[in-house]
Amino acid sequence: MVEMAKEATEPAEADVMGLCQGMFSKMTMYLTALEANEWLKEGALIREEALRTPPPPLGEPPLEGSERGLQPSGELAPAPEASPIAVETSNGVYEVEGGRRLDWWSAHNFCDQRFAQLALEPQDEAVTELLQGQVQGPIWVGQRTALLQRAQQRRTHMLPGLVFEVQTATKYARLLVDFPVLAAITVCTHIQWDLATDKVGTIFSYAAPAFTNELQLRGFAAHDGLVHLALVVHGHHSPYLPVFSADGRWHHVCAAWEEQSGQWAFVADGKLQAGSQSLSTAQSLAPGGMFVIGQDQDSLGGGFKKEDAFRGNITNLYVWARMMSLEQLDMARMCEIPKDGLLFGWNRWGLEIEPTLQEVVLPFMCPVPIEECPTWDGGSGTLGSEQCLQLLPFFCHYGTEVYWRLKEVQKTADGEFIIRVNTLANATVLSRNGFQEDPGSLSVLEATSFLGILEQALAAEETPLQPADLLAVLSFLKRVVAVEVRGQDPSGQQEHLSQNFLAVAGLLLEEQTEAQWLEIKEIIRSPMVLVESVNCIAASLSLLLTAKRSNISIQKGPIGIETRSLNLRNSTSSNLLEIPGGPEYIQVPFEEVRRLQGRGLSKVTVINTWFAYSALQHSLGWEGQEGGKVLSQDVSISDERQKYLSTQVGSAIISSTVLVRLQEVSTAVHYHLLYRTQGFSDKLVEPVCAFWNFSSSWSREGCSLIAQYQESVSCFCNHSTSFAILLQVYDVQRSSQEESVLKTLSFIGCGVSFCALITTFILFLAVGLPQSERTTVHKNLILALAAAEALLMFSEWAKAKKVLCMVLTAFLHLFFMAAFTWMLVEGLLLWSKVVAVNRSEDRRMKFYYMIGWGLPVVIVGVTLATSFDGYVGDHHCWLNLRKGVIWAFAGPVLFVLTVNTLILFRVVIVTVSSARQRSRMLSPQHSLERQIGVQIWATVKPVLVLLPVLGLTWLGSMLAHLSMAWAYVSIILNSFQGLYIFLVYAVYNSEVSAGEGSGNGHLNISLVTECGAQYPLPRSPV
């Protein structure tokens, strides 16, 4: 402690960054008078007459209560109820809570529970004017550069305490320790000085067989309001110097001395108060002595005198055989006891206590560093800071869309579910109006009970859950996360709370709530908020770990949490967490354990949580539907043949956090997870190692894939948080060269088909075919198909012009749809001629026209009316695939192809049967081979003739995505459909040939071959 005097003006550094925002409740600074009375009744505190003021919890620095805006009782000052005032600006909606005063953390939680944020300093003049009119003095604002996180939680321990009610010559306690030769010593303890006396008292004394006054610490309460202490070493007496306030409160006091330079020092409440050198140098403390608390030893272990006795209370005394640094003493004050050189640690079984000395059990609350939070002063318009536990007004900031969506959701809710839950609880568990109501904080017992009621209501499903109900439940869960966690949980309430919390979270992620999550996605970006909350609940369980219980694990359905304390000195392998029911796991690599050991850490707390895939597959299914926004990084596509579609969460979500003294330490992790690819059988799926960065997005930064297996992957990430396997889904596309070939082939085919269809149509008109249903249907089919082919050839040119592309797409949709409806009419007509032979052959052309042209007009009109903005695709003059408009064409086409396939199948059966009968009647002596040949031709012939008019060549389009070969087949069959119709229904049509040869003289076409009747059946064409 050579540099102690220099360090006296500088506070020791402390890590004030907390683990989880809002995880721990506001720090309780003092016991209320009522709480103190309860302790007195149970004999846990000193009798009231022993001290002039009620004692606060141990470990509390002096005068912090008044500085932090607390009431004399120790409770926060009640905030008057007042409706918030809102103002909308271009940057969002600001809501001023001028009538409510909270500490910074409670203000942050207040806004967060309303799905807002604690606002930054105002930039808008309207907000500034509003604040200046509503608030006087500083107001809390949010942290701009980085999220300010809560300071280390104050942990409560139950410790034995010694009560020296009056000065007597009998009451003492002795340390059961064999003392060696001591060249240096440090003694720390918590003292509560009795203000009823101003006499000198001995806090402790160490006497050796050779000399009784080896070491003493003595003091008295002076008239200046301070307790003065003096250190006695080998009979050499330091001066009495003021060390801490005589205020009746608990103070952490340390006395240190070393032989070499005779340096000594007094440290109180973490600050150096006095010290010097040359106090009894060159002589060590003798071994084999007795260390007595509360008495001055005039003989070894005895010779006590009433006038030298201590009056007050002592607990938590530690002795080290070395000179401790100021930083180490501050660690001891905050319950992190340095182990190096420790001779005695406070425990009841290490003491010999005189029978009349009163023993009590005291609630010891570990102190924490005091931190400051940002403020904004409306009067001066400047930023500043105040202690974070000061009670100040504040204002919340909403995104404009979030604010009005909240208003809309709450306005449209009937509140039936909320009323039912509140009725069952006989209390306000869920708020119907989050803007107006402030249900307040919860105790562990209340939170546990209310969670149980909420679980019961959600599981019963008697009342449908509406979006407003889901928001109310999520707001309540935020309140539960903020529940104060005590360091002791003898009744297991905190664990029971955690179990109920997991049960409610699991119910909120079930399939029946998927629609509700979608309804509030403008407010709650992702159901991952539940993962964040469960991580916080798991972290709170770390406060319950003890030396006897180093592991707490809770599993509720598909969600589990585990927190464990690890001794790094005894660790020979990495920490491993295996997810129940599978080969999935997460672990801290052994190299990381060695790195932590190299930093001088001996003990860490590891917190793990996991959400099975079954808990997330419904609620997270919509995450990747908006163009792959799940990942915060740009998606890199190495192959131009792969078109990125979306990113989906395809595995369980597993989390790992390492804590040292309740502060998070970043460590690398290795995890192995299964992934599911159901629903992507026709897509390329690439697994990606990713983590949730709690800014509402997934990221891959710092994560890499180690090994990939058939249905699982192993990943490495250089930090700890929540992890999952994301599935990047690609549509395998063709290369630019292949696309060019297909476009050229399609253009040529469409051109040839268009010419062939127009020629066929002219032939039908020129040769003077007799009017019939069949001929009329053919003409309409040819006309619709020719128009569609012509428009298709110009679609590539029109895609650069938005309006023209829209018009062209509508006409393409109309004519292609008409082509297929006329193909359906072809099938219906064929059915009436071949299968339904008993039906009347009256013309039904009005009905056919309604199907052929009326139905396409209706389909196109309805599609345009319902999907006008998303009607056209992004890169082509055709229907939008991504938004599902394509089904306005694909659905009817699939129906037509299905019906016509069934009709063709039935026609083939009739044709084969007729051919067999005709063969037997005309040539009964024909061989079996000839009969089989006749039947085969009877099967193939109608298929070849009817394929083009029934549209069955389009069935190949369903297989075009499988390979380039199928793509070429599909292009040839569909693009050359017009040419096929020309060949079958014009060139090889006997009616056309007969009409041409009848002497009309309009066309000079020589037909070489005649196919025969159009319908190859034993009946004349109509």
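Please read all numbers here as calculations on a predicted model, not as lab measurements.

### Focus: the overall build of the chain
Then comes step 1: In terms of helices and strands, the chain carries 24 helices and 37 strands.
Then comes step 2: The proportion of buried residues among the 1022 residues of the chain is 53%.
Then comes step 3: A separation threshold of at least 6 residues defines the contact pool for the chain, and within that pool the share at least 24 residues apart is 75%.
Then comes step 4: Working note: accessible area of the chain is about 45,300 Å², and carbon and sulfur atoms make up 55% of it.

### Quick look at helix α4 (residues 104–112)
Then comes step 1: Most of α4 sits inside the fold, with eight of its nine residues counted as buried.
Then comes step 2: Listed in full, the buried residues belonging to α4 are W104, W105, S106, A107, H108, N109, F110 and C111.
Then comes step 3: N-cap assignment for α4: the residue whose side-chain oxygen lies 3.0 Å from the backbone N of W105 is D103.

### Here's the deal with helix α18 (residues 802–834)
Then comes step 1: Taking 1.5 Å per residue, 33 residues should reach 48 Å; α18 reaches 48 Å between its end C-alpha atoms and fits that length.
Then comes step 2: Within α18, 25 of the 33 residues are buried, leaving the element largely enclosed by the surrounding structure.

### Let's talk about the pattern of salt bridges
Then comes step 1: Counted according to the given criterion, the structure contains 14 salt bridges.
Then comes step 2: Here D194 ties to R311 by a salt bridge, and the two come within 2.5 Å at their closest N and O atoms. A residue pair is termed long-range when its members are at least 10 positions apart, and D194 in the loop between β7 (184–193) and β8 (201–207) and R311 in the loop between β16 (290–293) and β17 (312–320) qualify at 117 residues.
Then comes step 3: For the salt bridge of E495 with R549, the shortest nitrogen-to-oxygen distance reads 2.4 Å.

### A word on the environment of L120
Then comes step 1: Assignment of secondary structure puts L120 in the loop between β3 (117–118) and α5 (125–134).
Then comes step 2: Residues L120 and W140 lie 20 residues apart in sequence; the distance between their C-alpha atoms is 8.7 Å.

### Focus on the packing of aromatic side chains
Then comes step 1: Taken as a whole and assessed by the stated rule, the structure comprises 26 aromatic pairs.
Then comes step 2: Plain terms: the ring middles of F811 and F815 are 6.3 Å apart, the flat faces sit at 20° to each other, and that makes the pair stacked. Here F811 pairs with F815, and both are found in helix α18, just four residues apart, close to one helical turn.
Then comes step 3: Taking relative accessible area as the criterion, F811 reaches 41% and is therefore assigned partly exposed.
Then comes step 4: Where F816 meets W878, the ring centres are 6.3 Å apart and the plane angle is 75°; that geometry is what we call edge-to-face.

### Quick notes on the nonpolar core
Then comes step 1: Core analysis: the largest hydrophobic core is formed by 89 residues, its most contacted members being L430, F476 and L508.
Then comes step 2: Top element by residues in this core is helix α10 (residues 467–481). It accounts for ten residues.
Then comes step 3: Apart from the residues lying within four places of it in its own chain, the contact partners of L508 are L458, L465, L470, V473, L474, L477, T513, W517 and L530.
Then comes step 4: Membership of the second largest hydrophobic core comes to 56 residues, among which are Y206, A221, L229 and V319.

### Brief notes about the pairing of strand β24 (residues 551–556)
Then comes step 1: Summarising the sheet, β24 and strand β25 (residues 559–567) pair through six bridges and their orientation is antiparallel. The residue of β25 that forms the bridge with I552 is T563.

### Describing the packing of α10 against helix α11 (residues 493–508)
Then comes step 1: Closest axis-to-axis distance for the α10/α11 pair is 12 Å, and the angle between their directions is 155°. By the angle between their directions, the pair α10 and α11 is classed as roughly antiparallel. The hand of the α10/α11 crossing is left-handed. On the side of α10, the interface is formed by L470, V473, L474, L477, V480 and V481, while α11 contributes L497, F501, V504 and L508.
Then comes step 2: Broken down by class, the residue content of the contact of α10 with α11 amounts to ten nonpolar, no polar and no charged.

### Overview of a nonpolar patch on the surface
Then comes step 1: On the surface, F747, I748 and V752 cluster together into a nonpolar patch covering about 260 Å² of accessible area.
Then comes step 2: Tracing the backbone through its elements, the reader meets V752 in helix α16 (residues 736–766).
Then comes step 3: The class of V752 is partly exposed, set by a relative accessible area of 31%.

### Some details on the confidence of the model for the chain
Then comes step 1: In this model, the chain carries a mean pLDDT of 76, and residues with pLDDT of at least 70 account for 73%.
Then comes step 2: pLDDT under 50 marks residues 1–19. Its contacts with residues more than four places away, or in other chains, come to 40 contacts.
Then comes step 3: The low-confidence segment residues 21–81 (pLDDT under 50) makes 153 contacts with residues lying over four places distant or belonging to another chain.

### Some thoughts on the state of the cysteines
Then comes step 1: Applying the stated criterion to the full structure yields six disulfides.
Then comes step 2: Paired through a disulfide, C703 and C717 show a sulfur-sulfur distance of 1.9 Å. Negative torsions about the S-S bond denote left-handed disulfides, and the value of about 115° found for C703 with C717 makes this one right-handed. Residue C703 is located in strand β35 (residues 703–708), and its partner C717 is located in strand β36 (residues 712–717); the two are separated by 14 residues in the primary sequence. Note on accessibility: C703 and C717 belong to one class, buried.

### A closer look at the side chain of Q167
Then comes step 1: Examined against the element boundaries, Q167 turns out to sit in the loop between β5 (156–164) and β6 (173–175).
Then comes step 2: A relative accessible area of 13% places Q167 in the buried class.
Then comes step 3: Here A309 takes part through its backbone oxygen, which lies 2.8 Å from a polar atom of the side chain of Q167.

### Things to note about unusual backbone geometry
Then comes step 1: In this model, S278 sits at a positive phi of 65°, which is unusual for a non-glycine residue.
Then comes step 2: With respect to the secondary-structure elements, S278 resides in the loop between β15 (271–276) and β16.
Then comes step 3: What makes S278 exposed here is its relative accessible area of 59%.
Then comes step 4: A positive phi is found at S280, a non-glycine position, where the angle reads about 55°.
Then comes step 5: Within the secondary structure, S280 sits in the loop between β15 and β16.
Then comes step 6: Classification of S280 as buried rests on a relative accessible area of 9%.

### Re the packing of helix α8 (residues 416–425) against helix α9 (residues 444–460)
Then comes step 1: Packing of α8 against α9 brings their axes to within 10 Å, and their N-to-C directions diverge by 135°. Taken together, α8 and α9 sit at an angle that is classed as oblique. Of the two possible hands of crossing, α8 and α9 adopt the one that is right-handed. Together, F417, R420, V421, L424 and A425 of α8 and F450, I453, L454, Q456, A457, L458 and A460 of α9 make up the contact between the two elements.
Then comes step 2: Here the residues of the contact of α8 with α9 sort into ten nonpolar, one polar and one charged.

### Thoughts on the environment of G399
Then comes step 1: Within the secondary structure, G399 sits in the loop between β23 (392–398) and α7 (400–412).
Then comes step 2: Each C-alpha atom, one on G399 and one on G92, is 4.7 Å from the other, the two residues being 307 residues apart in sequence.

### Structural notes on the environment of I981
Then comes step 1: Looking at the secondary structure, you find I981 in helix α23 (residues 977–987).
Then comes step 2: Counting along the chain gives 228 residues from I981 to S753, while the straight-line C-alpha distance between them is 8.7 Å.

About the criteria used
Residues numbered from 1 in each chain as written. Predicted model: local features only at pLDDT ≥ 70, side-chain atom pairs only at ≥ 80, totals over all residues. Heavy atoms only, no water. Helix = DSSP H or I, 4+ residues; strand = E, 2+ residues; numbered from the N terminus. Buried < 20%, exposed > 50% of the residue type's maximum accessible area, 1.4 Å probe, protein only. Contact = heavy atoms within 4.5 Å. Areas by Shrake-Rupley, 256 points an atom, 1.4 Å probe, with all protein chains shown as cover. Polar contact = N/O pair within 3.5 Å; in protein donor to acceptor, adjacent residues only side chain to side chain. Expected span 1.5 Å × (residues − 1). Salt bridge = Lys/Arg side-chain N within 4 Å of Asp/Glu carboxyl O. Phe/Tyr/Trp six-rings, centres within 6.5 Å; stacked < 30°, edge-to-face > 60°. Core = buried A, V, L, I, M, F, W, Y, C linked by side-chain atoms within 4.5 Å. Pairing = 2+ DSSP bridges. Axes fitted to C-alpha atoms, helices over the stretch in contact; angles between N-to-C directions. Parallel < 35°, antiparallel > 145°, perpendicular 65-115°, else oblique. Left-handed = near helix turned anticlockwise from the far one by under 90°. Nonpolar A, V, L, I, M, F, W, Y, C, P; charged D, E, K, R; others polar. Patch = residues over 30% accessible without salt bridge, like charges linked within 9 Å, V, L, I, M, F, W, Y side chains within 5 Å. pLDDT = per-residue confidence, 0-100. Disulfide = S-S within 2.5 Å.

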